[in-house]
Amino acid sequence: MFNLIRKDIMLQKTTLMTMLPLLILLLTLERSFIYIGLLFSMAIIMNAFASDEKSSINTLLNSLPYTRKEIVSSKYIGALFFVLTIVLTIFTGNLIINREITMWKELGLIICLVMIFISFMFPFSYKFKSQYLLTAVIVSFVIYLLIVNLFINNLNDKIRELVGILLTLQSSQLYLLIAFSVIALYVCSWLLSIRIYSKKVF
Amino acid sequence: MENVIELQHVQKSFDGFQLKDLSLSVKKGFVTGFIGGNGVGKSTTIKLIMNLLQPESGTVSIFGLNYKEHEKEIKQRIGFVFDENVFYENLTLAEMKKIIKPSYKNWDDNLFAQFVKTFELPLNKKIKSFSKGMMMKASLTIALSHHAELIIMDEPTSGLDPIFRRELLDILHNLMQDGEKTIFFSTHITTDLDRIADYITFIHKGEHMFTKEFYKIEEEFAIVKGGIELLDRDTEQEFVSIRKSNHGFEALTANKGRIENIFGEMVLVEKPTLEDIMFYTKKGAEQYV
């Protein structure tokens, strides 16, 4: 199975090579690296996902000595690898360029957010193909705007506030709880994707 | 004799098409040609054999093992060639090899290099720039570089020029020399089979018509030509199907000896080609529906 992850890294090599320097460059200009980290991680992870979506590639992977379980699992483990790469780059970038040590809470937040997004996007993409993700994102954005305008006018402020609270919390128990819930969500999504993928016809 | 592939009472249905109670076996150490028209279930059968599809009922066993418990073990021993490009288009053959090599325990770099040399394949050109023939050579190179015991090919000769088709058949012929390998391949270019196949498996509309040794087909089947006055309700039963014209009839029989007994010298009995057999069987199947 690690061969499959290695394959994904190999395929994303050029993307990584262009995106990581870009990420470091952005760090010098912009301080809100949580959003940048989230965006970059999602871009690479979904790019890796999309490159294996063609039915001919699925034929190849399923004809090679791998099980469907392994093929799905490689994507979930690979995603963690990619987000860690991004987080590590941010950490070193900040250390070298801005001469500051990034708080582990902020890095943890990036990882948690990516894991939450992936938990929804992977099963969705296995079921419908990732090209429909854009439609899904636009639809959810419209719903988000509607909510902001009709019901909670200050949703953005509230989210910002929430992030602020999350980052300054003192109770480590609460952090553990959050981490645990995110991991639980990720594992459930993983199992769901295996279920969906093993029923697929190419 | 040992069976490498065994399908038993396999059932699989799609919209408007189904495999009905399909049972077939492929013998170890031989080349089996898998024939049938377009859309009769050849690719579906191959996908079932590769575990790309699972049957609704019935069993598929390869090397005597089932996919449920031995999936990886089985696939380690299979080399596959599909009629479409299944590689990453934007990679070169060298990069593709790097991806596939670690999947197989028995990957042989020397063998790979040898095939690349024989086929004159470019290692550093993107696969999407390959021609149909080069694509096939590349697929074959990958399929043959891990000492697979069973080689499964879906329409490997379609879209290839006649010269390369012959080369391909020669390569396959050479592979068979040690008697350990088994080749199963589908095709609708039946003349390819004259050169290489030991067994012929014929399916029509999702049903297994027969699996026979090649030479036996010529012994059993025959094209019969004669005057129309020879045909009546009883004699017509002797044929798979009949084509009538003003000059007489032409028909296929599955029992050459019996026809010779019945008609004797009154008819002309000829050797059928596989195409004849496919054509008349299709016609016969349509008549009795």
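Residues numbered from 1 in each chain as written. Chains lettered and ligands numbered in written order. Predicted model: local features only at pLDDT ≥ 70, side-chain atom pairs only at ≥ 80, totals over all residues. Heavy atoms only, no water.

Participant: Just to check I follow, could you spell out the overall build of chain A for this structure?
Facilitator: Summing up its helical and strand segments, chain A has 9 helices and 0 strands in all. Helices (α) and strands (β) of chain A occur, in sequence order from the N terminus, as α-α-α-α-α-α-α-α-α. The C-alpha radius of gyration of chain A comes to 18 Å, within 12% of the 17 Å expected for a compact globule of 202 residues. Oriented by its inertia axes, the alpha-carbon framework of chain A measures out at about 50 × 45 × 30 Å. Relative to its full complement of 202 residues, chain A shows a buried share of 43%. Once local pairs closer than 6 in sequence are excluded, the contacts in chain A between residues at least 24 apart make up 80%. (Helix = DSSP H or I, 4+ residues; strand = E, 2+ residues; numbered from the N terminus. Rg over C-alpha atoms; globule rule 2.2 N^0.38 Å. Buried < 20%, exposed > 50% of the residue type's maximum accessible area, 1.4 Å probe, protein only. Contact = heavy atoms within 4.5 Å.)

Participant: What should I look at first to understand a negative patch on the surface in this one?
Facilitator: Residues Glu120, Asp161, Glu167 and Asp170 of chain B make up a contiguous surface patch of negative charge. Counting through the fold element by element, Asp170 of chain B comes out in helix H6 (residues 162-175). (Patch = residues over 30% accessible without salt bridge, like charges linked within 9 Å, V, L, I, M, F, W, Y side chains within 5 Å. Areas by Shrake-Rupley, 256 points an atom, 1.4 Å probe, with all protein chains shown as cover. Salt bridge = Lys/Arg side-chain N within 4 Å of Asp/Glu carboxyl O. Lys, Arg positive; Asp, Glu negative; His and termini not counted. Charge placed at Lys NZ, Arg CZ, Asp CG, Glu CD.)

Participant: For this particular structure, what's the right way to read the interface of chain A and chain B?
Facilitator: Buried accessible area, meaning the area lost when the parts come together, often serves as the stated size of an interface. Contacts between the two partners involve 24 residues from chain A and, on the opposite side, 27 residues from chain B. Both faces combined, the contact of chain A with chain B buries some 2200 Å², and carbon together with sulfur accounts for 63% of it. Considering only the side of chain A, the residues that lose the most area to chain B are Leu60, Ser63 and Pro65 of chain A, jointly responsible for 25% of the buried surface there. Where chain A meets chain B, there are 2 salt bridges. Among the salt bridges present, the one from Glu70 of chain A reaches Lys72 of chain B, with a minimum N-O distance of 2.6 Å. Here chain A and chain B share 8 residue pairs in polar contact (both at pLDDT 80 or more) between them. Elements supplying a minimum of two residues to the side of chain A that touches chain B: helix H1 (2-11), helix H4 (55-63) and helix H5 (68-96) of chain A. For the side of chain A that touches chain B, the element with the highest residue contribution is H4 of chain A, accounting for 7 residues. (Buried area = accessible area lost by both parts, 1.4 Å probe. Polar contact = N/O pair within 3.5 Å; in protein donor to acceptor, adjacent residues only side chain to side chain.)

Participant: Explain the sheet that holds strand S4 (residues 57-62) of chain B here, please?
Facilitator: Within a sheet, adjacent strands bond to each other through the backbone by hydrogen bonds, running parallel or antiparallel. Residue and element names in this part refer to chain B. One open sheet accounts for 4 strands, arranged S2-S1-S4-S5; its pairing is antiparallel. Two strands in the sheet have a free side with no partner beyond their single neighbour: strand S2 (17-27) and strand S5 (65-66). In this structure, S4 lies alongside S5, joined through 2 bridges in antiparallel fashion. Note that in S5 the partner of Ser61 across the bridge is Asn66. The sheet contacts of helix H1 (residues 42-49) involve strand S1 (3-14), S2 and S4, and relative to S2 the element is tilted by about 60°. (Pairing = 2+ DSSP bridges. Axes fitted to C-alpha atoms, helices over the stretch in contact; angles between N-to-C directions.)

Participant: Got a minute to help me understand helix H9 (residues 172-198) of chain A in this structure?
Facilitator: Taking 1.5 Å per residue as the helical rise, H9 of chain A with its 27 residues ought to reach 39 Å, and the 39 Å between its terminal C-alpha atoms agrees with that figure. Within H9 of chain A, burial applies to Tyr175, Val182, Tyr186, Ser189, Trp190, Ser193, Ile194, Ile196 and Tyr197 of chain A. (Expected span 1.5 Å × (residues − 1).)

Participant: Explain the pattern of salt bridges here, please?
Facilitator: Side-chain pairing between opposite charges can occur once the charged atoms of the two side chains come close. Residue and element names in this part refer to chain B. Under the criterion given, the structure shown has 21 salt bridges over all chains. Lys225 is the salt-bridge partner of Glu270, the closest N and O atoms lying 3.2 Å from each other. On the criterion of sequence distance, the pair formed by Glu270 in strand S14 (residues 268-270) and Lys225 in strand S11 (residues 222-226) is long-range, its members being 45 residues apart. Overall, Lys225 belongs to the partly exposed group, its relative accessible area being 29%. Residues Arg243 and Glu250 are paired through a salt bridge, measuring 4.0 Å at the closest nitrogen-oxygen approach. Residue classification places Arg243 among the partly exposed positions, given a relative accessible area of 41%.

Participant: In this structure, what is going on with the environment of Leu123 of chain B? I would like to understand it.
Facilitator: Turning to its location among the elements, Leu123 of chain B is positioned in the loop between helix H4 (109-119) and helix H5 (132-144). For the pair Leu123 of chain B and Leu93 of chain B, spaced 30 residues apart in sequence, the C-alpha to C-alpha distance is 5.1 Å.

Participant: Looking at this structure, how should I read the sheet that holds strand S7 (residues 150-154) of chain B?
Facilitator: Residue and element names in this part refer to chain B. Overall, mixed pairing links the 6 strands, which are arranged S6-S7-S8-S3-S9-S10 in an open sheet. Strands with a single pairing partner mark the edges of an open sheet, and in this sheet they are strand S6 (78-81) and strand S10 (207-213). Here the average twist between neighbouring strands, direction ignored, is 15°. Relative to S7, S6 is paired through 4 bridges, and the arrangement is parallel. Paired with Val81 across the strands is Met153, a residue of S7. Running over the sheet, H5 touches S6 and S7 and is turned about 175° from S6.

Participant: Even after reading the chapter, I still don't get the packing of aromatic side chains, so can you show me in this structure?
Facilitator: Pairs of aromatic rings are described using the distance from one ring centre to the other and the angle between the two planes. Within the structure shown, the criterion is met by 22 aromatic pairs over all chains. Centroid distance Phe30 of chain B to Tyr199 of chain B: 5.4 Å. Interplanar angle 80°. Geometry classified as edge-to-face. One end of the pair, Phe30 of chain B, is in the loop between S2 and strand S3 (31-35); the other, Tyr199 of chain B, is in strand S9 (residues 199-204), and 169 residues separate them in sequence. Geometrically, the ring pair formed by Trp107 of chain B and Phe112 of chain B is tilted, given 5.7 Å between the ring centres and 40° between the ring planes. Phe112 of chain B matches Trp107 of chain B in its accessibility class, with the two residues each being buried. Sitting above the plane of the Tyr197 of chain A ring, Arg68 of chain A keeps its charged end 5.8 Å from the centroid. (Phe/Tyr/Trp six-rings, centres within 6.5 Å; stacked < 30°, edge-to-face > 60°. Lys NZ or Arg CZ within 6 Å of the ring centre and 35° of its normal.)

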